[in-house]
Amino acid sequence: MVPVRAQLPTLRQVLPEYAKAKKVKASSLARYESLLKTHFADWFDRPVSALKEPAFGDHCYAFAQTRGAAIVDLGRGIVGSIIKYLFAVHGVSIESPFLRLSAAGLMPDRPQPRARNLDESDLLAWWNAVDCLTEKQGDYLRLIALTGLRKNEGRAVRCCDVDFASGVLTIPETKGKRPHSLPITIQMRQVLDRRCAGLRPEHQLFDGLSADHVTEMAKRSGAPEFTLHDLRKLLASVGARLAIGDAILRRILGHAPKRGDVLHRHYVSLNAKDVAESLKSIQTVIMSRAGQSIYNLSD
């Protein structure tokens, strides 16, 4: 008797399976699903073997030639990753059409990094506008400016993540899927003291706050054009101008070293205390440009 071959999953079915295995965040999974439903709808509910068909390759070419660079980059990334997953877990061997297109020089250039709008010379006006916001909104933006945390990392800080006794702020969930920690400097302490006052350990410091909305509120209060990522870039740029080493800056920003960097991936290990003085130096420059004393964070 010939054994019955199990039917391969559809792209819709394999996506949550892939996300669980790769520990993809819910927000990222929703973005991937939206992209596949919108741009690869004809293949979303078909068995993944359909990705081998010439028609899928033709569709990928049309997608790459007619969509924006950021969408194409995301699409090529998620399709390529799922194809690799299918081979590893389901034994399905498929060559990504995007690899063939790239080899033939038929893929558009990758998207360029977003230009930074906010400069050090803008910090005085920016900080004055932030001071016009409610205390919670202002403290959120001040904390992002002083730490370089990503918007969702800062937004999700809980009272139990702030350890005043050891002087360490812990970010349990990060883009890199690993916990991150920073020293609690003098510059940060007033913000964290205010936000933790009266909260239970599990409560978020910025509960109910919309990270994107607070940026628009600051601009309506007179802040120069900026994004939350501008604050992260600004902190990194100040650190580079102070000649702070790459390893220290990566540790402050929560960036992992490149795969080939054996020294920093496997040997060099820095904790929050190791970067304290460097972070203080960066924060001192930021606050000086903003016309602030390190002991006066909008008391």
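The paragraphs below set out a description of the structure included in this document.

Parameters at a glance
Residues numbered from 1 in each chain as written. Predicted model: local features only at pLDDT ≥ 70, side-chain atom pairs only at ≥ 80, totals over all residues. Heavy atoms only, no water. Helix = DSSP H or I, 4+ residues; strand = E, 2+ residues; numbered from the N terminus. Contact = heavy atoms within 4.5 Å. Areas by Shrake-Rupley, 256 points an atom, 1.4 Å probe, with all protein chains shown as cover. Phe/Tyr/Trp six-rings, centres within 6.5 Å; stacked < 30°, edge-to-face > 60°. Buried < 20%, exposed > 50% of the residue type's maximum accessible area, 1.4 Å probe, protein only. Axes fitted to C-alpha atoms, helices over the stretch in contact; angles between N-to-C directions. Parallel < 35°, antiparallel > 145°, perpendicular 65-115°, else oblique. 1 Å grid on protein atoms, 1.4 Å probe; cavity = no way out; pocket = protein on both sides within 12 Å on 5 of 7 lines; lining within 4 Å. Points joined across faces, edges and corners; volume = space filled by probe spheres on them. Nonpolar A, V, L, I, M, F, W, Y, C, P; charged D, E, K, R; others polar. Salt bridge = Lys/Arg side-chain N within 4 Å of Asp/Glu carboxyl O. Patch = residues over 30% accessible without salt bridge, like charges linked within 9 Å, V, L, I, M, F, W, Y side chains within 5 Å. Lys, Arg positive; Asp, Glu negative; His and termini not counted. Charge placed at Lys NZ, Arg CZ, Asp CG, Glu CD. Core = buried A, V, L, I, M, F, W, Y, C linked by side-chain atoms within 4.5 Å. Polar contact = N/O pair within 3.5 Å; in protein donor to acceptor, adjacent residues only side chain to side chain.

Quick look at the overall build of the protein
Part 1: Looking only at helices and strands, the protein features 15 helices and three strands.
Part 2: In the protein, of all internal contacts separated by at least 6 residues, the share reaching a separation of at least 24 is 68%.
Part 3: When the accessible surface of the protein is split by element, carbon and sulfur atoms take 52% of a total near 16,100 Å².

Here's the deal with the packing of aromatic side chains
Part 1: If you walk through the whole model with that rule in mind, you get eight aromatic pairs.
Part 2: Seen in terms of ring centroids, F40 and F56 are 6.0 Å apart; in terms of plane orientation they differ by 45°. Their pairing is tilted. Here F56 lies in helix 4 (residues 54-66) and F40 lies in the loop between helix 2 (26-39) and helix 3 (41-44), a separation of 16 residues in the sequence. When sorted by exposure, F40 lands in the same class as F56, which is buried.
Part 3: With a centroid separation of 5.3 Å and 65° between ring planes, the pair formed by W43 and F56 is classed as edge-to-face. Pair noted here: W43 is in helix 3 and F56 is in helix 4, with a separation of 13 residues, a long-range link.

Focus on the environment of L15
Part 1: Mapped onto the elements of the fold, L15 is located in helix 1 (residues 11-22).
Part 2: Here the alpha-carbon distance between L15 and S181, two residues 166 residues apart in the chain, equals 31 Å.
Part 3: Leaving out residues up to four positions away in the same chain, L15 has contacts with L29, Y32, E33, L36 and I82.

Considerations on the packing of helix 1 against helix 5 (residues 69-90)
Part 1: The interhelical angle for the contact between helix 1 and helix 5, taken along N-to-C directions, is 85°, at an axis separation of 10 Å. As far as their axial angle goes, helix 5 and helix 1 are roughly perpendicular. Between helix 1, through L11, V14, L15, E17, Y18 and A21, and helix 5, the contact on the second element is made entirely by I78, S81, I82, Y85, L86, V89 and H90.

Some details on the layout of surface pockets
Part 1: Considering only enclosed or pocket space, the second largest pocket measures out at about 190 Å³ in volume.
Part 2: Of all the elements in the fold, those that place two or more residues in the lining of the second largest pocket are helix 5 and helix 6 (97-103).
Part 3: No other element matches the six residues that helix 5 contributes to the lining of the second largest pocket.
Part 4: Taken together, the residues of the lining of the second largest pocket sort by class into four nonpolar, five polar and three charged.

Section: the pattern of salt bridges
Part 1: Taken as a whole and assessed by the stated rule, the structure comprises 22 salt bridges.
Part 2: For R142, the salt bridge is made with D139, and the minimal N-O distance between the two is 2.8 Å. Taken together, the positions of R142 and D139, both in helix 8 (residues 135-147) and three residues apart, correspond to about one turn of that helix. There is no split in this pair, since R142 and D139 are both buried.
Part 3: Between E153 and R150 there is a salt bridge whose closest N-O contact spans 2.8 Å.
Part 4: Judged by its relative accessible area of 17%, R150 falls in the buried class.

Details of a positive patch on the surface
Part 1: Side chains of K22, K23, K25, K84 and K177 sit close together on the surface and give a patch of like positive charge.
Part 2: Secondary-structure assignment places K22 in helix 1.

A closer look at the nonpolar core
Part 1: If you look at the biggest cluster of nonpolar residues, it comprises 50 residues, and the most contacted ones within it are W126, Y140, L141 and F226.
Part 2: For this core, the secondary-structure elements that each account for two or more residues are helix 7 (123-130), helix 8, strand 2 (168-171), helix 10 (186-196), helix 11 (211-220), helix 12 (228-241), helix 13 (246-253) and helix 15 (276-289).
Part 3: Among the elements that take part in this core, helix 8 stands out by supplying six residues, more than any other.
Part 4: With near-sequence residues (within four places) excluded, L141 lies in contact with W126, V130, L133, V214, A218, F226, L228 and L231.
Part 5: Ranked by size, the runner-up nonpolar core spans 31 residues in total, among them W43, I83, F98 and L101.

Brief notes about helix 13
Part 1: Of all eight residues in helix 13, six are buried; the element is thus mostly enclosed.
Part 2: When we look at burial in helix 13, the residues that qualify are I248, L249, R250, R251, I252 and L253.
Part 3: Remark: G254 follows helix 13 within two positions and exhibits a positive phi of approximately 75°.

Things to note about the environment of Q137
Part 1: Summarising the element assignment, Q137 is placed in helix 8.
Part 2: Taking relative accessible area as the criterion, Q137 reaches 14% and is therefore assigned buried.
Part 3: If sequence neighbours within four positions are ignored, Q137 has contacts with L209, V214 and M217.

Re the side chain of R155
Part 1: Within the secondary structure layout, R155 lies in helix 9 (residues 151-155).
Part 2: Although R155 is buried, it makes no salt bridge; D207 carries the closest opposite charge, 4.6 Å away.
Part 3: A distance of 2.8 Å separates the side chain of R155 from the side chain of Q204, its partner in a polar contact.
Part 4: Among the polar contacts listed, one links the side chain of R155 to the backbone oxygen of L209, at a separation of 2.5 Å.
Part 5: For R155, the contacting residues outside a window of four places in its chain are Y140, Q204, F206, D207, G208 and L209.

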